[in-house]
Amino acid sequence: MDKLTVIFDIDGVIVDSEQLHFDVLRTVATEQTQHIAAQQLIGLSLEETLSYIGIPPEQQPSVSAQVIETYKAKLAKKYLRPGVTNLINLLEQRHIPFGFVSTAPRDVCLANINLLGLLTPIKLIAGNDVKYTKPHPEPYLTMMTQLKANINNTIVIEDTDLGISSAYDAGLRKIYAWPHQLSTGQNYHQATAIINHLDEIVDLAKLKN
């Protein structure tokens, strides 16, 4: 397991939060979301989402702030996906480097990650940390540098085609798609495998032995 590193997406992977994001957005911007399905927004940054649903640029800062604060108020540990906390605890115990890459704003990312109760410093590339967000490779390339990762022995766990494309174009090839109830529109053709549980990732399952 020499030089193994793991990179997690956050929304949809660490937390099953996509429906919560949509419900909050629908509460804040009722009129603009009447004819939008949650699946249409999977993988988009908040800025992209607000543009997509037709929020005028001059209103986006205030709407964004309201969405973020409402989301953080509703966030709870019940949204953590099965097995995530145990896996990350195991990575910490084995001193295996890991990080998080997301299109979401940093404060939203940190609110999600804080549900895990990490003992080690958080390594995070959020949407506002890079010039180009997913599907551009910059977020994953930046995280690879931060982790000093071996490109041939880095595992990525994603839930969207945009995220998988970002990792793939960064040169990563151990990319696992972990679907959820709102990811049915994804095709995952660039993923190494589609999993139903984290134990299906062989390199990670070996850590338990």
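Everything numeric here is computed off the predicted structure, so don't read it as measured data. (Residues numbered from 1 in each chain as written. Predicted model: local features only at pLDDT ≥ 70, side-chain atom pairs only at ≥ 80, totals over all residues. Heavy atoms only, no water.)

Enquirer: Just to check I follow, could you spell out the overall build of the protein chain for this structure?
Expert: Looking only at helices and strands, one finds eight helices and six strands in the protein chain. When the helices and strands of the protein chain are listed from N to C terminus, the series reads β-α-α-α-α-β-α-β-α-β-α-β-β-α. Over its C-alpha trace the protein chain gives a radius of gyration of 17 Å, about what one expects of a compact globule, namely 17 Å for 209 residues. In terms of its C-alpha atoms, the protein chain occupies a principal-axis envelope of roughly 50 × 30 × 30 Å. Counting only residues that meet the buried cut, the protein chain has 53% of its 209 residues in that class. Contacts in the protein chain between residues far apart in sequence, at least 24 positions, make up 63% of those at least 6 positions apart. (Helix = DSSP H or I, 4+ residues; strand = E, 2+ residues; numbered from the N terminus. Rg over C-alpha atoms; globule rule 2.2 N^0.38 Å. Buried < 20%, exposed > 50% of the residue type's maximum accessible area, 1.4 Å probe, protein only. Contact = heavy atoms within 4.5 Å.)

Enquirer: Would you explain the nonpolar core in this entry?
Expert: Grouped burial of nonpolar side chains is what soluble globular proteins tend to show. One finds Phe8, Ile14, Phe100, Ile157 and Leu204 to be the most contacted residues of the largest nonpolar core, which totals 56 residues. Contributions of two or more residues to this core are made by β1 (5-8), α1 (18-28), α2 (46-52), α3 (60-74), α4 (84-93), β2 (98-101), α5 (106-113) and β4 (154-158). Filtering out sequence-adjacent residues up to four positions away, Phe8 remains in contact with Val13, Ile14, Leu87, Ile88, Leu91, Phe98, Gly99, Phe100, Val101 and Ile157. Val130, Leu147, Ile175 and Ala177 belong to the second largest nonpolar core, which has 18 residues in total. (Core = buried A, V, L, I, M, F, W, Y, C linked by side-chain atoms within 4.5 Å.)

Enquirer: How do you make sense of the packing of aromatic side chains when you look at a structure like this?
Expert: The geometry of an aromatic ring pair is captured by the separation of the ring centres together with the interplanar angle, meaning the angle of the planes. A full pass over the atoms with the stated rule returns three aromatic pairs. Judged by centre distance (6.4 Å) and plane angle (85°), the rings of Phe8 and Phe98 are edge-to-face. A residue pair is termed long-range when its members are at least 10 positions apart, and Phe8 in strand β1 and Phe98 in strand β2 qualify at 90 residues. Under the relative-accessibility criterion, Phe8 is labelled buried at 1%. Look at Phe98 and you get buried, because its relative accessible area is 8%. When the centroid spacing of 5.9 Å and the interplanar angle of 90° are considered together, the rings of Phe98 and Phe100 count as edge-to-face. One aromatic cluster is present, formed by Phe8, Phe98 and Phe100 through successive ring pairs. (Phe/Tyr/Trp six-rings, centres within 6.5 Å; stacked < 30°, edge-to-face > 60°.)

Enquirer: Even after reading the chapter, I still don't get the packing of α3 against α5, so can you show me in this structure?
Expert: Between two packed helices, the angle of one axis relative to the other and the distance separating the axes together describe the packing. Where α3 meets α5, the closest approach of the two axes is 10 Å, and the angle between their N-to-C directions is 5°. The angle between the axes of α3 and α5 places the two elements in the roughly parallel class. The segment α3 lies against α5, with Ile68, Tyr71 and Lys72 engaging Asp107, Val108, Ala111 and Asn112. When its residues are assigned to classes, the contact of α3 with α5 shows four nonpolar, one polar and two charged. (Axes fitted to C-alpha atoms, helices over the stretch in contact; angles between N-to-C directions. Parallel < 35°, antiparallel > 145°, perpendicular 65-115°, else oblique. Nonpolar A, V, L, I, M, F, W, Y, C, P; charged D, E, K, R; others polar.)

Enquirer: Where do I start with the packing of α1 against α3 in this structure?
Expert: Running from N to C, α1 and α3 point in directions that differ by 130°, and their axes come no closer than 9 Å. The orientation of α1 relative to α3 falls into the category oblique. Handedness of the crossing formed by α1 with α3: right-handed. Each of Leu20, His21, Val24, Leu25 and Val28 in α1 lies in contact with α3, whose residues at this interface are Val63, Gln66, Val67, Thr70, Tyr71 and Lys74. A breakdown of the residues in the contact of α1 with α3 according to their chemical character gives seven nonpolar, three polar and one charged. (Left-handed = near helix turned anticlockwise from the far one by under 90°.)

Enquirer: I tried to follow the pairing of β1 on my own but got confused; where do I start?
Expert: Burial of the side chains of β1 extends over both faces: Thr5 and Ile7 are buried on one face and Val6 and Phe8 on the other. Judged from the four bridges that link them, β1 and β4 form a sheet pairing that is parallel. The partner of Ile7 across the bridge, within β4, is Val156. In terms of strand pairing, β1 meets β2 through three bridges, oriented parallel. Its bridge partner being in β2, Ile7 is matched across the sheet by Gly99. (Pairing = 2+ DSSP bridges.)

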